Amino acid sequence: MKVLLLVNGYASSVTARSRVLIQSIIAENHDVQLALTSRRGHASRLARGAASTGTKIVFVLGGDGTLNEAANGLAGSDCALAPLPGGSTNVFARTLGIPDDPLEAVRSLLSAIDTNQIRSVGLGEVGGRYFLFHCGMGFDAAVVQQVERKAALKRYAGHPLFIWAGFNTWLNHYDRSSPRMSAKHGDKFINDSYFTVVLNTNPYTYLGHRPLSLAPAATLDNGLSLVVLRTMAFKPVMSVVKNLVSGKQLQDSNTLHLADNLPEIEITGHKPFPYQLDGDFLGEVSSLKFTWVPEKLRLVCPPLT
């Protein structure tokens, strides 16, 4: 089978040795070509080009940002995406139950390909770009922006860096004096959001080995989930964080608005707000409209263990 191994050599966990070993393992039974990304957006173009020339599978060794780009290049084609963990967190690969060790992961994915465990899954879409697991707006995106400013440290201090960025953003880099945006879905209108997340899968992210579950109903087979944080006061926010870390399911309340299986969501800023897509900071916007698109991406899915 003709396959492509697409590698982001700058990703946190990618080494020359792991790349060579993975390529050798795939090459045992498949015709594999190697492509290295060199700039932002390159993975989308490489994946799209592979799909147009008869490639059946694109293995992606990189972080969630590279995986998102590749998914955008493959969406709507018959070429399937096979995620390999190469970043600091690897949210999407871990959500699928793919091992965090890249050599174990490639063997698991090859076994799934051999047994035809490939299916079409739904994606979220916003502003002409698809996302695999979530879009964060407001405080969440401001934290990602701070992490990206320290990108050189991600290889050595991934999760501690996110924790530091969270506290630093809270204290110095985010306006907590008033709500930043409104959220609308169906006949529901929430006008006081400080932090909004639209999810296509769950968990939201991982803290070490611990999943942080915002929306258990979010899967690749139904609509989008929405989580709106309606205050930035310290005590209620710390209560939400405590529940996330302890694994307690969040509840709709005066602090949080939760909704699941939504076909469309509209977010409007009271002023421009930052946003990130699958962990990739994309700047500030005044509004965003989300749509869930079923069966848009062919995906290699090993059985969950």
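Residues numbered from 1 in each chain as written. Predicted model: local features only at pLDDT ≥ 70, side-chain atom pairs only at ≥ 80, totals over all residues. Heavy atoms only, no water.

A. Broad picture of the packing of helix 2 (residues 42–52) against helix 3 (residues 64–74). Where helix 2 contacts helix 3, the two axes come as close as 7 Å, and the packing angle between them is 35°. The hand of the helix 2/helix 3 crossing is right-handed. Contacts from His-42, Ala-43, Ser-44, Ala-47, Arg-48 and Ala-51 of helix 2 reach helix 3 at Thr-66, Glu-69, Ala-70, Asn-72, Gly-73 and Leu-74. Residue composition of the contact of helix 2 with helix 3, by class: 5 nonpolar, 5 polar and 2 charged. (Axes fitted to C-alpha atoms, helices over the stretch in contact; angles between N-to-C directions. Helix = DSSP H or I, 4+ residues; strand = E, 2+ residues; numbered from the N terminus. Left-handed = near helix turned anticlockwise from the far one by under 90°. Contact = heavy atoms within 4.5 Å. Nonpolar A, V, L, I, M, F, W, Y, C, P; charged D, E, K, R; others polar.)

B. Representation of the packing of helix 1 (residues 16–27) against helix 5 (residues 102–114). Their axes nearest at 10 Å, the elements helix 1 and helix 5 cross at an angle of 20°. As summarised for this structure, helix 1 and helix 5 are arranged roughly parallel, according to the angle between their axes. Crossing handedness for the pair helix 1 and helix 5: right-handed. Residue-level inspection shows Ser-18, Leu-21, Ile-22, Ile-25 and Ile-26 of helix 1 in contact with helix 5, the latter providing Pro-102, Leu-103, Val-106, Arg-107 and Leu-110. (Parallel < 35°, antiparallel > 145°, perpendicular 65-115°, else oblique.)

C. Quick peek at unusual backbone geometry. Residues Asn-202 and Pro-203 are joined by a peptide bond in cis, for which omega reads 10°. Positive phi values are uncommon outside glycine, yet Asn-90 reaches one of about 55°. The residue Asn-90 is located in the loop between strand 4 (80–85) and helix 4 (91–95) in this model.

D. Spatial organisation of the nonpolar core. With 53 residues, the main nonpolar core has Leu-5, Ile-26, Ile-57, Phe-59, Leu-81, Leu-84 and Val-300 as its most contacted residues. For Ile-57, the contacting residues outside a window of four places in its chain are Met-1, Lys-2, Val-3, Leu-4, Cys-79, Ala-80, Ala-82, Ile-113, Ile-118 and Val-300. If you look at the next biggest cluster of nonpolar residues, it comprises 22 residues, including Ala-183, Leu-224, Phe-273 and Leu-288. (Core = buried A, V, L, I, M, F, W, Y, C linked by side-chain atoms within 4.5 Å. Buried < 20%, exposed > 50% of the residue type's maximum accessible area, 1.4 Å probe, protein only.)

E. Looking closely at the pairing of strand 1 (residues 2–7). By the criterion of burial, strand 1 is predominantly enclosed, with 5 of the 6 residues buried. Sheet analysis places strand 1 next to strand 2 (residues 31–36), joined by 6 bridges and oriented parallel. Across the sheet, the residue bridging to Leu-6 is Ala-35, located in strand 2. Chirality of the crossover, the property in question, places the unit of strand 1, helix 1 and strand 2 among those that are right-handed. In this structure, strand 1 lies alongside strand 3 (residues 57–62), joined through 5 bridges in parallel fashion. The residue of strand 3 that forms the bridge with Val-3 is Ile-57. (Pairing = 2+ DSSP bridges. Right-handed = clockwise from strand over helix to strand, strands pointing away.)

F. Broad picture of the packing of aromatic side chains. In this structure the tally under the stated criterion is 1 aromatic pair. Summarising the aromatic geometry, the rings of Phe-131 and Phe-290 are spaced 6.0 Å apart at their centres and angled 90° between planes, so their arrangement reads as edge-to-face. Of this pair, Phe-131 sits in strand 6 (residues 129–131) while Phe-290 sits in strand 16 (residues 280–300), placing them 159 residues apart in sequence. According to the relative accessible area criterion, Phe-131 is buried, its value standing at 0%. Lying over the aromatic face of Tyr-206, Arg-94 brings its terminal NZ or CZ to 4.1 Å of the ring centre. (Phe/Tyr/Trp six-rings, centres within 6.5 Å; stacked < 30°, edge-to-face > 60°. Lys NZ or Arg CZ within 6 Å of the ring centre and 35° of its normal.)

G. Examining the pattern of salt bridges more closely. Per the counting criterion, the structure on display carries 4 salt bridges. A salt bridge links Arg-40 to Asp-280; the nearest nitrogen and oxygen atoms lie 2.6 Å apart. Of this pair, Arg-40 sits in the loop between strand 2 and helix 2 while Asp-280 sits in strand 16, and the two are 240 residues apart along the sequence. Its relative accessible area of 52% is what places Arg-40 among the exposed residues. Where Arg-119 meets Asp-221, a salt bridge forms, and the shortest distance between an N and an O atom there is 2.9 Å. In this pair, Arg-119 is assigned in strand 5 (residues 118–126) and Asp-221 in the loop between strand 12 (210–212) and strand 13 (224–229), connecting sequence segments 102 residues apart. (Salt bridge = Lys/Arg side-chain N within 4 Å of Asp/Glu carboxyl O.)

H. Expanded view of the environment of Lys-296. One can find Lys-296 in strand 16. By relative accessible area, which is 24% here, Lys-296 ends up partly exposed. For the pair formed by Lys-296 and Asp-78, sequence separation is 218 residues and the distance between their alpha carbons is 9.8 Å. Dropping the residues within four chain positions of it, Lys-296 is found in contact with Ala-75, Gly-76, Val-121, Gly-122, Leu-123 and Tyr-130.

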